[in-house]
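Fold and geometry: a report
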Amino acid sequence: MTAGPLGRRHFLALATGAAVTAAVPRRARATERPLRGGVLKQIGLEPLTFDVHATASCETQLVSSLVRRTLFKVVHGARYRPSDFTLAPDLALKALVSADGRTYTITLRPDVRWESRPPVNGRELVATDVKHSLERALRKSPYAPLLGPVERIDTPDRRTVRVHLADSFAPFVHSLAEPWSAIMPPEVEDRPGDLKATESLIGCGPFMLERYEPGVKAVFSRNPTYHARDLPYLDKVEWLFIKDRPMQLALFRAGQVDLPYHDARVPRSEVSALRRASPGFPVTSWDGLAVRSLAMRTDRPPFNDVRVRRALSLAVNRKNWVAEHLDGDGAEDHGPVPSAMRQWTLAARQLGEGARYLEHDPALARKLLAEAGLAAGLKVKCTNWPGHGPEYVEDLERLARDLRRVGVELQIVNEEHGQYIRGSFLGRFDETSWGPSSIFTEVDGYLYSALRSGQAGNRSHVADAQLDVMLEAQRRIISTSARKQIIDEIQRRAAAQVYYVYTPYPRIVSSWAPHVRNYGPKNSFDRGAQLEVVWLDQA
């Protein structure tokens, strides 16, 4: 049942009010009282650009979020689950939606100021800053479609932003909590040079960029004028650009760094050794949200033939993959909606016809290839960025072995990072490409980006009119139950047509130094919100 006018009008106000209460840190014991000071040392990823509106790069989003903030954010801290995407106010206090779901009135905080350095010199953040940033994101970001059908943005006064949509759009406020929709001062873009430079990394977030050493590290210091007066607790964050995985782990075990990766992950193969060497270190496993898939040029032969796509999926032994290679601690994963989004994802048995093509059936795979005129098999190039880590490289090799058994040879082409992000990650490849998706806090990010015709994230070049209608429809429905019915049908259609071959993935294992308190793994690239509530127990 679709929400009526009263429900629409107050939906976000009520949700935001609840999030405000939920976002207050809880002190279970007096000894957990936050402590101020210290330098957190974290292994991070070096961005190719600092222009968060003009790239799909997670590296840029991670670093940008420390300095630049969004209108809303999701809750962070040790008490919240990795996939708890409850919204909380950030630069905005609240958002009210009109009865028809087409106009959002956003009220800004009154106490937000930009950093106290040129060209902003500590001036107040105002509505025109938000208008400029959202319009820029709509022009430049590969994720711009996830902001919905924005027609225009008005600024009735200095603290009010009004966004007019062509139609109702259920995920709108969640998109305002993603780091790629960060708010930036117009003066930065007006300066000589461009936003790819470090000098452009000016914001109103918990930290400020103090120093950048290319290829070495970025140092962020506490922003003394941050609107959350008690935050952050840390004096500084050192974001260390160390690519070598053994070196990362060696530094972590030696106590030279506090977090061994941007999301604190450690290789599964190293967990036992870590527990023996450092028994006091917290170790936790959690479900990630980056689905792993083989994307195919479904607009070209042979992948425009559904029999070929189904054959590739049937070749993958998902049960064996999870049982033997992941020690049973992982998800077989079978579709665009990651299993960690339990509210939205369908189990394989619920996928109708598509469930058949998730089974391991090499005989049927070879039969379908023969029917498609490929009885002798085929060779296809598969682009990949190996920098995701050795675990991803091993997974691609497993996929290649499974496909080889039915006569399909993946010729793996390793790309450098910039080439991959600007090309293969956005569907610019010749035959196939393998790798993880980005991560989103709203299910629309996974569906619309990957399956809607013409979208930058549609790596398989899907052009399915039936899917397009459903993808647009689920965005317009505010009622969760009614929206889920359509999303269920989208998953069934995608599974039957096999537009991507989804592969299993392990649960992420993370660890951090025991003196790092109130740290909680989070399925988000928003490190600013995550680290602003962290403190160091230096006793």
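So, here's what we can say about the structure. For clarity, every value in this text was computed on a predicted model and none was experimentally measured. (Residues numbered from 1 in each chain as written. Predicted model: local features only at pLDDT ≥ 70, side-chain atom pairs only at ≥ 80, totals over all residues. Heavy atoms only, no water.)

Quick notes on the sheet that holds strand β12 (residues 292-296)
Strand order across the open sheet formed by five strands is β15-β14-β16-β12-β17, with mixed pairing between neighbours. For this open sheet the edge positions go to β15 (408-414) and β17 (500-503), each flanked by a neighbour on one side alone. Between one strand axis and the next, the sheet turns by 25 degrees as a mean value, whatever way the strands run. Strand direction decides the pairing type here: strand β14 (residues 378-384) and strand β16 (residues 432-436), joined by two bridges, are parallel. Following the sheet pairing, Cys-382 is matched in β16 by Thr-432. Across the sheet, helix α11 (residues 390-404) is in contact with β12, β14, β15, β16 and β17; its angle to β15 comes to roughly 155 degrees. (Pairing = 2+ DSSP bridges. Helix = DSSP H or I, 4+ residues; strand = E, 2+ residues; numbered from the N terminus. Axes fitted to C-alpha atoms, helices over the stretch in contact; angles between N-to-C directions. Contact = heavy atoms within 4.5 Å.)

With respect to the nonpolar core
Residues Leu-71, Ile-106, Leu-108, Leu-125, Phe-220, Leu-451 and Leu-531 are the most contacted members of the largest nonpolar core, which totals 113 residues. At six residues, the largest contribution of residues to this core is made by helix α13 (residues 443-451). Residues in contact with Leu-71, not counting those within four places in the same chain, are Pro-89, Asp-90, Leu-91, Ala-92, Ile-106, Leu-108, Val-130, Leu-134, Leu-176 and Ile-183. The next biggest cluster of nonpolar side chains, apart from the first, holds 31 residues, and it includes Val-308, Leu-368, Leu-374 and Val-380. (Core = buried A, V, L, I, M, F, W, Y, C linked by side-chain atoms within 4.5 Å. Buried < 20%, exposed > 50% of the residue type's maximum accessible area, 1.4 Å probe, protein only.)

Notes on the pairing of β12
Counting buried positions over the five residues of β12 gives five, a clear majority of the element. On β12, burial covers both faces: Arg-292, Leu-294 and Met-296 on one face and Ser-293 and Ala-295 on the other are all buried. As judged from the five bridges shared by β12 and β16, these two strands associate in the antiparallel manner. By the bridge assignment, Leu-294 is partnered in β16 with Trp-434.

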